[in-house]
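# Structural characterization, general
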Amino acid sequence: ENEAMNGMYFKLTSTFGVPIFRMVKKHVEPGRIWDTITGTERFVFKDPVLKCWVVSDTTTGGVKIEPGNAFSDDQAADRPGDAVGGWYVWHTQSKTLKSQKEEILKLTGDEIGLAKLKENPIDEIKFHSIMGFEITRVPVGVSGPLAGIMVRQAGVYYGRPVYENETSTQFMYWTKKDGDLDEGFDEEWQNIDLVANAKKFFCEGYWAIAPRVGMLKDDPNNDPNFFAFLDDNCVTPWEIPSEKKWKVRKQGKDVDSDMKVKEVEMELKRQYVDPKDVSRDQGGDASATTPLLSSDPPAPAGDASATT
């Protein structure tokens, strides 16, 4: 029930001083005639009244006592990953939010109680921060992209994060197939209602790397300045399926490449626990750091949790 919280969160803009991070995942239900597309979203924000970090399906209303919600009572934490003492997470058997660490302390010396907790453990969530994405294995003989680290830019384009290199000479962004700058930067896309507009949000488009945000791969005025693209409508580069390949523009042609775009970790004393059903490395994003969240039952006593 708490898997809805797993994923990469990116920082939103124009949030009136309240740090808010958003995560969006696409779901496709095959149909006999057409597929049904829906979206799941979660937000991580510091509640301005409670002064604590909250994971919720909305950015208002404080803490919700529901599946897929959580909070940390560490008011001093500047970022979700700085929260200490554990998070309170929905526990199905108790029908409320509980902290695994707190429950273990309460049950110290109670062998029967600890045994029951082991049978019905409370999910533990941890945040992992990254500084951006690194481009590697760029083919020889191309004008771009340049290998190196792309960090988060402040803006959001088509409701998705934008990244740039250190010299601001190349950008990584998502665009609609026939998109334009005015539409892409419209805040409507950041605040879109996924229940009513999932099909619009997950429209046909691609991740692009180019000298300017908004350049289209099919615009003849951009060739040969347009660098690379990958067809997918995922919300962050972290969600790009591993089997998909970036196409790089080489001598006027778009060719498959072995180029990789991979998250770069912040050198912080934090660990990230992989969800049981996910084998790839995972990362998050924000204005310099980004939270990436995983909820998973804790490892049995004496065992080490799998970390990346």
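Here is a short report on the structure shown in this document. (Residues numbered from 1 in each chain as written. Predicted model: local features only at pLDDT ≥ 70, side-chain atom pairs only at ≥ 80, totals over all residues. Heavy atoms only, no water.)

Looking now at the pattern of salt bridges. Summed over all chains, the structure comprises 15 salt bridges. K176 is paired through a salt bridge with E183; the nearest N and O atoms lie 3.3 Å apart. Between D232 and K244 there is a salt bridge whose closest N-O contact spans 2.8 Å. With a gap of 12 residues between them, D232 in the loop between β14 (228–231) and β15 (247–250) and K244 in the loop between β14 and β15 connect regions that are remote in the sequence. The partly exposed category is assigned to K244, whose relative accessible area is 35%. By sharing partners, the salt bridges in this structure join K98, E102, E103 and K106 into a single network. (Salt bridge = Lys/Arg side-chain N within 4 Å of Asp/Glu carboxyl O. Helix = DSSP H or I, 4+ residues; strand = E, 2+ residues; numbered from the N terminus. Buried < 20%, exposed > 50% of the residue type's maximum accessible area, 1.4 Å probe, protein only.)

Below, the discussion takes up unusual backbone geometry. The omega angle of the peptide bond from G144 to P145 is 5°, so this bond is cis rather than trans. With respect to the helices and strands, P145 occurs in the loop between β9 (124–136) and β10 (148–157). Positioned with a positive phi, S168 is a non-glycine residue whose angle comes to about 55°. According to the relative accessible area criterion, S168 is partly exposed, its value standing at 38%.

So, on to the pairing of β14. The pairing of strand β13 (residues 205–210) with β14 spans four bridges and is antiparallel. Residue Y206 lies in a different strand from β14, and its bridge partner there is D231. Across two bridges, β14 lies against β15 in antiparallel orientation. Counterpart to F229 in the pairing with β15 is K247. (Pairing = 2+ DSSP bridges.)

Within the open sheet, the seven strands sit side by side as β2-β3-β4-β5-β6-β7-β8. Their pairing is antiparallel. Two strands close off the open sheet at either side, each with one partner strand: β2 (10–11) and β8 (96–98). One ladder, built from two bridges, connects strand β6 (residues 70–72) with strand β7 (residues 88–91); its direction is antiparallel. Along β7, the bridge assignment pairs F71 with Y88.

Counting residues in hydrophobic clusters, the biggest one holds 54 residues, and the most contacted among them are M172, Y173 and W246. Per element, the largest residue contribution to this core is five residues, and it comes from β13. Ignoring any residue separated from it by four or fewer positions in sequence, one finds Y173 in contact with Y157, P161, V162, Y206, W207, A208, A210, R212, V213, G214, M215 and F226. Counting residues in hydrophobic clusters, the runner-up holds 14 residues, among them A70, A77, A83 and W87. (Core = buried A, V, L, I, M, F, W, Y, C linked by side-chain atoms within 4.5 Å. Contact = heavy atoms within 4.5 Å.)

These figures come from the coordinates and say nothing about function on their own.
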